[in-house]
Amino acid sequence: PCSCGSGKKFKKCCLHKIPVVKPSPEFKLINEPELEEYDELVLLMEEGDDALRNKENTKVCDIWLEVWDKLKPKFKRGVKNISDAEDVVKGFNFLFNWTQDLEIELGNAGSDNPEYYKKRIKYCDEFCTIFPESDVITIHNMKRAIAESYYAIDDVEEGYTCFSNLIEQYPDNIWSYVGWGDMYGYPMNKNAEPD
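Treat the numbers as computed from the prediction; the structure is a model and nothing was measured. (Residues numbered from 1 in each chain as written. Predicted model: local features only at pLDDT ≥ 70, side-chain atom pairs only at ≥ 80, totals over all residues. Heavy atoms only, no water.)

With that settled, consider the overall build of the protein. In terms of regular secondary structure, the protein is built from eight helices and zero strands. Of the regular secondary structure in the protein, the N- to C-terminal order runs α-α-α-α-α-α-α-α. For the protein, with 195 residues in total, the buried portion stands at 42%. Put simply, 56% of the contacts in the protein that link residues at least 6 apart link residues at least 24 apart. Split by element, the accessible area of the protein, about 11,200 Å² in all, is 51% carbon and sulfur. (Helix = DSSP H or I, 4+ residues; strand = E, 2+ residues; numbered from the N terminus. Buried < 20%, exposed > 50% of the residue type's maximum accessible area, 1.4 Å probe, protein only. Contact = heavy atoms within 4.5 Å. Areas by Shrake-Rupley, 256 points an atom, 1.4 Å probe, with all protein chains shown as cover.)

Written as structure tokens, this is what we have:
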């Protein structure tokens, strides 16, 4: 519902009243989106949010991955931190939270359809490549999601390598060890027995 109190949905009420915020000069979009393109992204996000409320895991991921694919080319190469990207598309959504929500939803969808674990690996790898200077916890979580997903698709060797690298990079982060242990105590692959 729109925050103005009209009782209408935001997209049918005050969405078009949001002023277009010009990005700061150092963090520019490669091509500034036209208002129609911006509206399309907002509508896609809303459609994804509706699917999330309805617990349609794979639909959420399909929609949000489409949004991600539309956003990726818009970030200038100099933007290496997801927090800086927030300034580029202000008013769109909280990218910092949304990008992490997408990783989580890909994991949820993967438990229904393992193809989404593969999509999770690709997405998290892209995130870490585009935003390598994001906060340590976010990067760690993305890399841990990659490692977990390899275990989930039964590529234990690659998962083992990813967790080894994670512990080498973040030796003081307990969640590297806990996450790796979980792969053997609570296997993500439905065909695997606890070890």
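Right, let's get into a nonpolar patch on the surface. Among the surface-exposed residues, I174, W175, Y177 and V178 lie close enough to one another that they form a single nonpolar patch of about 390 Å² accessible area. Looking at where V178 falls in the secondary structure, it is placed in helix α8 (residues 174-185). (Patch = residues over 30% accessible without salt bridge, like charges linked within 9 Å, V, L, I, M, F, W, Y side chains within 5 Å. Salt bridge = Lys/Arg side-chain N within 4 Å of Asp/Glu carboxyl O.)

This part takes up the nonpolar core. The biggest cluster of nonpolar side chains holds 42 residues, and the ones touching the most others in it are W98, L102, Y123, F127 and F131. At the level of secondary structure, the elements contributing two or more residues to this core comprise α1 (35-53), α2 (57-71), α3 (82-88), α4 (95-112), α5 (115-130), α6 (136-152), α7 (156-169) and α8. Residue contributions to this core peak at eight residues, all from α2. If we skip the residues at most four places from it in the chain, W98 touches M45, W64, V67, W68 and L71. (Core = buried A, V, L, I, M, F, W, Y, C linked by side-chain atoms within 4.5 Å.)

With 17 residues, α6 should reach 24 Å at 1.5 Å per residue; the first-to-last C-alpha distance of 24 Å fits that figure. Most of α6 sits inside the fold, with 13 of its 17 residues counted as buried. Looking one or two residues beyond α6, the residue adopting positive phi is D154, at roughly 70°. (Expected span 1.5 Å × (residues − 1).)

A cluster of acidic residues, D154, D155, E157 and E158, forms a negative patch on the protein surface. Assignment of secondary structure puts D154 in the loop between α6 and α7. (Lys, Arg positive; Asp, Glu negative; His and termini not counted. Charge placed at Lys NZ, Arg CZ, Asp CG, Glu CD.)

For V42, the position within the fold is in helix α1. A residue is classified by how much of its surface remains accessible, and V42, at 11% relative accessible area, is buried.

Another aspect to go through is the packing of α2 against α4. The N-to-C vectors of α2 and α4 enclose an angle of 140°; their axes lie 9 Å apart at closest approach. Put simply, α2 runs oblique to α4. α2 and α4 meet at a crossing whose hand is left-handed. Counting all contacts with α2, which are made through N57, T58, V60, C61, W64, L65, V67, W68 and L71, the residues of α4 involved are L95, W98, T99, D101, L102, E105, L106, N108, A109 and D112. In the contact of α2 with α4, the residues fall into twelve nonpolar, four polar and three charged. (Axes fitted to C-alpha atoms, helices over the stretch in contact; angles between N-to-C directions. Parallel < 35°, antiparallel > 145°, perpendicular 65-115°, else oblique. Left-handed = near helix turned anticlockwise from the far one by under 90°. Nonpolar A, V, L, I, M, F, W, Y, C, P; charged D, E, K, R; others polar.)

We now examine unusual backbone geometry. A positive phi angle, close to 60°, is found at K55, a residue other than glycine. Structurally, K55 can be placed in the loop between α1 and α2. A relative accessible area of 69% places K55 in the exposed class. Phi at D154 takes a positive value of approximately 70°, unusual for a residue other than glycine. Residue D154 is classed as exposed on the basis of its relative accessible area, which comes to 53%.

Time to look at the packing of aromatic side chains. Any aromatic ring pair is given by two values, namely how distant the centres are and how the planes are angled relative to each other. Considering all chains together, one arrives at seven aromatic pairs under this definition. Measuring from centroid to centroid gives 5.5 Å for Y151 and Y184, while their planes differ by 80°, and the two rings are edge-to-face. Residue Y151 is located in helix α6, and its partner Y184 is located in helix α8; the two are separated by 33 residues in the primary sequence. Between the aromatic rings of Y160 and W180, the centroid separation amounts to 5.0 Å while the plane-to-plane angle is 75°, which identifies the pairing as edge-to-face. In this pair, Y160 sits in helix α7 while W180 sits in helix α8, placing the two residues 20 residues apart along the sequence. Judged by its relative accessible area of 45%, Y160 falls in the partly exposed class. Above the face of the Y116 ring, K119 is positioned so that its terminal group lies 4.5 Å from the ring centre. (Phe/Tyr/Trp six-rings, centres within 6.5 Å; stacked < 30°, edge-to-face > 60°. Lys NZ or Arg CZ within 6 Å of the ring centre and 35° of its normal.)

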